[in-house]
Amino acid sequence: MAPARRSLGRDAAALLGLAVALSACGGEGGGGGGQSEASRVTVFAASSLTQAFEAMAEELEEDSPGTSIRFNFGSSSDLATQLEQGARADVYASADEANMIRVMDADLVEGEPSVFVKNKLEIIVSAGNPEGIRSLEDLENSELVLSLCNEECPAGKYAAEALDKAGVNVEPDSLETEVKAVVTRLQVGEADAGIVYASDVASAEGEVEGVPIPAADNVIATYPIAQLTDAESAAGEFVDFALSKRGRAILEEHGFLVP
Amino acid sequence: MRRPPRALVLLAALAASFFAVPLAALAWRAPWASLPEVLTTEVVGSALRISLVSSLAASALSAFLGLPLAWVLARVPFPGRSVLRALVTLPLVLPPVVGGVALLLALGRLGLVGRALESFFGVTLFGTLPGVIVAETFVAMPFLVLTVEGALKGLDPRYEDAAATLGASRGLVFWKITLPLAAPSVAAGAVLAWARALGEFGATITFAGNLPGETQTMPIAVYTALLRDVDAAIVLSLVLVAVSLLVLVTLRERWAPQA
Amino acid sequence: MSLEARVRARAGSLALDADVRAAAGETVVLVGPNGAGKTTLLRVLAGLLPLSAGRVTLDGEVLEDPAARRRLPPERRSIGFVFQDYVLFPHLSVLDNVAFGLRARGCSKDQARAEAQEWLERMGIASYASERPRVLSGGQAQKVALARALATRPRLLLLDEPLAALDAGARAEVRRELKASLGRFDGVRLVVTHDPVEAMALADRVLVLEDGKVAQEGTPSELSAHPRSSYIAELVGLNLWRGRGLGDRVRLDSGGEMLVSHAPVGEVYAALHPRAVSLYRRPAEGSPRNVWSGRIAGLEGEGGRVRVRVEGSIPVVAEVTPAAVAELSLIEGEEIWVSIKATEVSVYPA
C-alpha cells in the first residue's frame with residue numbers, strides 16, 4: 001500500500017506528460033498537413049453523404065491545391081442545431097428540406113439552396129436475397145424479421161409513405177433511429193429485410209442487395225445544399241463541384257439519383 | 001480460505017461472461033487481415049490522439065474542479081445542498097445528446113455564456129479540442145464528484161479535528177490530511193471519469209462536432225466508420241477496447257495492488 | 001495557570017450548561033453516563049464546537065466569548081487533545097504524526113522531527129518511529145497520541161476516554177504510565193471517562209456530568225462518601241435514596257420509611273453500602289425494624305462478590321459472598337427478605 005501510494009503522483013505526472021506529448025505531436029502533424037495558407041472549407045453534411053462527399057473532396061483537393069475540405073458528418077437535425085447555435089461552417093448539405101429551412105430561417109444561408117441529389121427508397125435484403133423478396137407486398141409476411149426507421153427520421157417517414165401508397169400493412173420487428181442502423185442489422189444478419197435509401201444499399205454492396213420499389217409507390221428524398229453566410233471564398237467551389245457533371249457522376253456511383 | 005459457495009461462483013462466472021462474450025464476439029468478427037491497414041490511416045491516428053488527449057484532460061479537469069465541489073458537498077452544510085447534489089448527478093441520467101444540446105445552448109457561439117466567451121476572449125468551442133474536453137468533462141465529472149464525496153463522507157471528521165487542534169490551518173488540514181486520506185478515491189474517481197470520457201459520444205458529437213483531425217474522437221470515428229463499412233468500425237472499436245483495457249489494468253495494479 | 005469555563009452550548013438534543021474550573025497541575029476527571037455531554041464539553045473547549053453563551057478563559061486569555069464576539073479557532077488555542085481511539089493519521093509515520101503539530105506551527109522539518117524523536121524516546125516507543133500507526137498496539141497508539149498532543153507544548157490537555165480502546169489486560173499498566181505522564185505535564189489536565197476505577201485512579205477532582213449539567217463535583221473520597229445522584233452512587237457502588245429527614249428516620253420519596261441513627265430535618269440523601277444489606281430466606285427475628293421483602297431481580301458476580309438486586313417496597317442492592325448465594329440458594333425471581341441496620345445508613349442534606 002505504502003509504495004503504491006507514493007507512486008500515485010508519479011503516475012499522474014506520467015499520464016499528464018503523455019497527454020502533452022500526444023498533443024505536441026498532434027500540433028506538428030496539423031501544421032505539416034496545413035500546407036501554405038490554404039483556404040479551408042468546412043462542410044456540414046448529412047451522414048448518408050459520407051462516402052460520396054469524401055470522394056468528391058479528394059478530387060476537388062487534387063484539382064485546386066489551395067483548397068482543403070473538412071467535414072462534419074452527423075444527422076441533419078443535429079447539424080442544423082449546431083449551425084443555429086453559432087457553429088462556423090461554410091456549406092450545409094441536408095438530407096431533407098425541413099432542416100435546410102431551419103437554417104434559412106436563422107438567416108445563415110447565402111443565396112438560395114439547390115437540390116443537388118435525390119435519393120429513392122429501396123428494399124434492403126441480405127446478399128443473394130435468400131427470402132426471395134420481390135416487392136413491398138412481400139414484406140407483409142410476418143415470418144420475416146423487418147427493420148425500419150422510426151418516423152422521426154426522414155427515411156422512416158418516407159418508408160411509411162411508400163408502404164401507405166402501396167396499400168401494404170407491415171409489422172416491423174425493429175424501429176431504428178437512424179437509417180444506417182437498418183443497414184447494420186442486415187449486415188450482421190439481425191434482420192431479413194428493411195427499407196432504406198438506394199445510396200445506403202450501394203454503400204454496403206456485396207453484403208446486402210437492393211430490391212427496387214416501383215416509381216408509383218416510391219418516395220423521393222431531396223437533398224439541398226447551400227453556401228452559408230460569411231463563408232470562405234472556396235465554399236462556392238465545393239457547392240459548384242457537387243452540382244457539376246463530375247460531382248453528379250460521383251454521387252451516382254454511390255447510389256444517389258441526380259436531378 | 002474456505003471453499004466459496006457454489007451458487008455465488010456460478011453467478012459471478014455468469015456476470016464475468018456477460019462482459020467477456022461481447023468482447024470475444026468483436027474479436028471474432030474482426031477482419032484481422034485489414035487491421036494494419038486500418039490502424040495506419042491518418043484518421044485513426046488522429047482520432048486515437050484526440051481521444052487520449054481529451055479524455056486525460058477531461059479527467060484532470062474533473063479532478064481539478066470536481067474535488068472542491070465534492071468537498072463542499074460533503075463538508076459544508078448550506079440550504080440547497082441536496083438540489084446541488086441532484087444537479088451534479090444530472091449528466092448521469094441525461095441522454096448525452098441532450099447534454100450536448102444543452103452545452104451548445106450555454107456555451108455555443110450564440111449561447112448564454114458562449115456569446116460572452118466569444119466577444120470578450122474570442123474563444124469558440126465548437127469544432128475545437130477544448131470543445132471536446134468541455135463535453136467530455138460534462139459527462140465525466142459526476143463520476144469523480146460522487147466517488148470523492150462518498151469517500152469524504154466516510155472519512156472520520158476527527159482526523160481533521162485532530163489536525164486543527166495541533167495547530168493546522170484549514171488549508172493545511174485539507175492538503176496534509178483530507179486530500180492524502182481521500183487520495184485513493186480521488187484516483188478511483190479520476191479513472192472512472194477518464195473511462196467515461198474515453199467512451200463519450202453523444203455530447204461530444206453534438207457540442208463539438210465530428211471534424212476529423214480536430215474533434216473526431218475514437219467513438220465518433222467508430223460511428224463515422226459505421227457509415228462506410230462495419231468491418232472498419234469493428235477494428236476501431238477493438239482499438240478503443242484494447243487501449244482502455246491496457247490503461248485500466250495498469251492503473252488497477254498500481255493503485256489497488258492488493259485488490 | 002488555570003482554566004475557567006462557563007459553557008453553554010447545544011449539540012443535537014443535548015443542551016450543555018456546565019461550569020468547569022481547573023488549576024495547573026490538577027487532573028480533573030469528567031464522568032457521567034453516555035450522552036451526558038462529556039465529549040461535547042471537551043470539543044467546545046478545544047474550539048471544535050461553538051459556545052452559544054458563556055466564556056472560556058485559559059491563563060487569563062479569553063479563548064471564546066460570544067457576547068464579545070470573540071472566538072479563537074482550534075488551531076490558535078494552546079490545547080492538546082487526545083481523542084478517543086487516538087485518531088492517529090494513518091498515512092503518516094509515527095514520527096511524522098508527532099511532528100505534525102510542530103510543522104503546522106512553523107517548525108522546520110528537521111527540527112520538528114528531532115523534537116518528535118525526543119518525545120518518542122521519552123515515551124519509550126522510539127523504535128516505532130518509522131512505522132505506520134496501524135501496526136501499533138492500543139497502548140503504544142495511546143502513547144503516540146499523547147506525545148503528539150504534548151509536542152506542541154499546550155497549556156491545557158484534553159483526554160477523551162484515553163483507556164477505553166484498550167483490552168482489560170493492558171489497561172492497568174497503561175493507566176499507571178498515563179498517570180505518570182500526566183504528572184509530568186504542568187498544565188491543566190481534563191480527562192473524560194465512564195469508568196469509575198479510572199476516574200478514581202486519575203482524578204484530583206471529579207466532575208459528574210449528567211444530562212449536560214454538573215450533577216456533583218468533589219474529590220474522589222468526597223464523592224464516594226456522599227454521592228448525590230443515582231449515577232454516581234452506582235459508580236461508587238452505593239445504594240442511594242432521596243427523601244425527607246425526620247430526626248430518627250427518613251421518609252423515602254419512592255415510598256416507605258427507613259430508620260436511621262440520625263437524620264437532619266429536611267431534604268436528605270441516604271446512602272448505604274451493599275455489604276451492609278443482609279438477606280434472609282424467612283422474616284428475621286429479633287429486630288423487627290428496617291425489614292422488608294422483595295423479589296430477586298438480578299445476580300451479578302464481581303471480583304469474588306455477588307451483587308444481588310432486590311425489587312420491593314424499597315429497591316436495594318446487596319453484596320454477598322458466593323458461599324452465601326449457595327447457602328441461601330438465591331435464584332432470580334424468588335422472594336427474599338431484606339434487613340439493614342439503622343447505624344449503617346449514612347444520611348446527609350441534599
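Overview of the pairing of strand β3 (residues 27-31) of chain C
All names here are of chain C. With 5 of 5 residues buried, β3 is to be regarded as a mostly interior element. The sheet contact formed by β3 and strand β9 (residues 188-192) spans 4 bridges and is parallel. Its bridge partner being in β9, T27 is matched across the sheet by R189.

A few points about a nonpolar patch on the surface
Residue and element names in this part refer to chain B. Together, L87, L90, L92 and V93 give the surface a local cluster of nonpolar side chains, amounting to about 370 Å² of exposed area. Turning to its location among the elements, L90 is positioned in helix α4 (residues 81-93). Note on L90: relative accessible area 38%, which makes it partly exposed.

What to know about a negative patch on the surface
A surface patch of negative charge is lined by E151, E152, E161 and D164 of chain A. Of the residues examined, E161 of chain A reaches a relative accessible area of 37% and is grouped as partly exposed.

Observations concerning the pattern of salt bridges
In total, this model carries 39 salt bridges over all chains according to the counting rule given. For R43 of chain C, the salt bridge goes to D161 of chain B, with nearest N and O atoms at 2.9 Å. Note that R43 of chain C is positioned in helix α1 (residues 38-46) and D161 of chain B in helix α8 (residues 157-165), a pairing that runs across two chains. Exposure remark for D161 of chain B: the relative accessible area of 14% places this residue in the buried category. Look at the salt bridges and you will find they share partners, linking D248, R249, R251 and E257 of chain C into a network.

Considering the side chain of S339 of chain C
Assignment of secondary structure puts S339 of chain C in strand β18 (residues 335-340). The residues touching S339 of chain C, leaving out its near neighbours within four places in the chain, are A276, V277, S278, Y280, N290 and V291 of chain C.

Observations regarding unusual backbone geometry
In this structure, D107 of chain A takes a positive phi of about 60° despite not being glycine. Within the element layout of this structure, D107 of chain A appears in the loop between α5 (97-105) and β4 (109-126). Of note, D59 of chain C is a non-glycine position whose phi angle comes to about 55°, a positive value. Relative to the assigned elements, D59 of chain C resides in the loop between β4 (53-58) and β5 (61-65). A residue is classified by how much of its surface remains accessible, and D59 of chain C, at 27% relative accessible area, is partly exposed.

Structural notes on the nonpolar core
Grouped together as the largest cluster of nonpolar side chains are 66 residues, with contacts concentrated most on L3, V7, F89, F100, L158 and L190 of chain C. Looking at this core element by element, the count peaks at 10 residues for helix α9 (residues 170-198) of chain B. Setting aside residues no more than four positions away along its own chain, V7 of chain C makes contact with L16, D17, A18, D19, L41, V44, L45, L51 and A53 of chain C. Listed in part, the 65 residues of the second largest apolar core include A45, F116, V182 and Y223 of chain A.

A look at the domain arrangement of chain A
Residues and elements named next belong to chain A. What the domain assignment reports for chain A is domain 1 (39-117 + 222-253) and domain 2 (121-212). A separation of 28 Å is found between the C-alpha centroids of domain 1 and domain 2. Taken together, the contact between domain 1 and domain 2 spans 5 residues of the former and 6 residues of the latter. Each partner contributes to the roughly 510 Å² buried at the junction of domain 1 and domain 2, and carbon and sulfur atoms together form 46% of this total. The largest contributions to the domain 1 side of the interface with domain 2 come from S48, Q51 and D96, which together make up 53% of the buried area. Viewed at the interface, domain 2 and domain 1 are joined by 0 salt bridges. Summed over the shared surface of domain 1 and domain 2, the number is 0 residue pairs in polar contact (both at pLDDT 80 or more). A class-by-class count of the residues in the side of domain 1 that touches domain 2 yields 1 nonpolar, 3 polar and 1 charged.

Calculation rules
- Residues numbered from 1 in each chain as written.
- Chains lettered and ligands numbered in written order.
- Predicted model: local features only at pLDDT ≥ 70, side-chain atom pairs only at ≥ 80, totals over all residues.
- Heavy atoms only, no water.
- Buried < 20%, exposed > 50% of the residue type's maximum accessible area, 1.4 Å probe, protein only.
- Helix = DSSP H or I, 4+ residues; strand = E, 2+ residues; numbered from the N terminus.
- Pairing = 2+ DSSP bridges.
- Patch = residues over 30% accessible without salt bridge, like charges linked within 9 Å, V, L, I, M, F, W, Y side chains within 5 Å.
- Areas by Shrake-Rupley, 256 points an atom, 1.4 Å probe, with all protein chains shown as cover.
- Salt bridge = Lys/Arg side-chain N within 4 Å of Asp/Glu carboxyl O.
- Lys, Arg positive; Asp, Glu negative; His and termini not counted.
- Charge placed at Lys NZ, Arg CZ, Asp CG, Glu CD.
- Contact = heavy atoms within 4.5 Å.
- Core = buried A, V, L, I, M, F, W, Y, C linked by side-chain atoms within 4.5 Å.
- Domains from an automatic or database assignment.
- Buried area = accessible area lost by both parts, 1.4 Å probe.
- Polar contact = N/O pair within 3.5 Å; in protein donor to acceptor, adjacent residues only side chain to side chain.
- Nonpolar A, V, L, I, M, F, W, Y, C, P; charged D, E, K, R; others polar.

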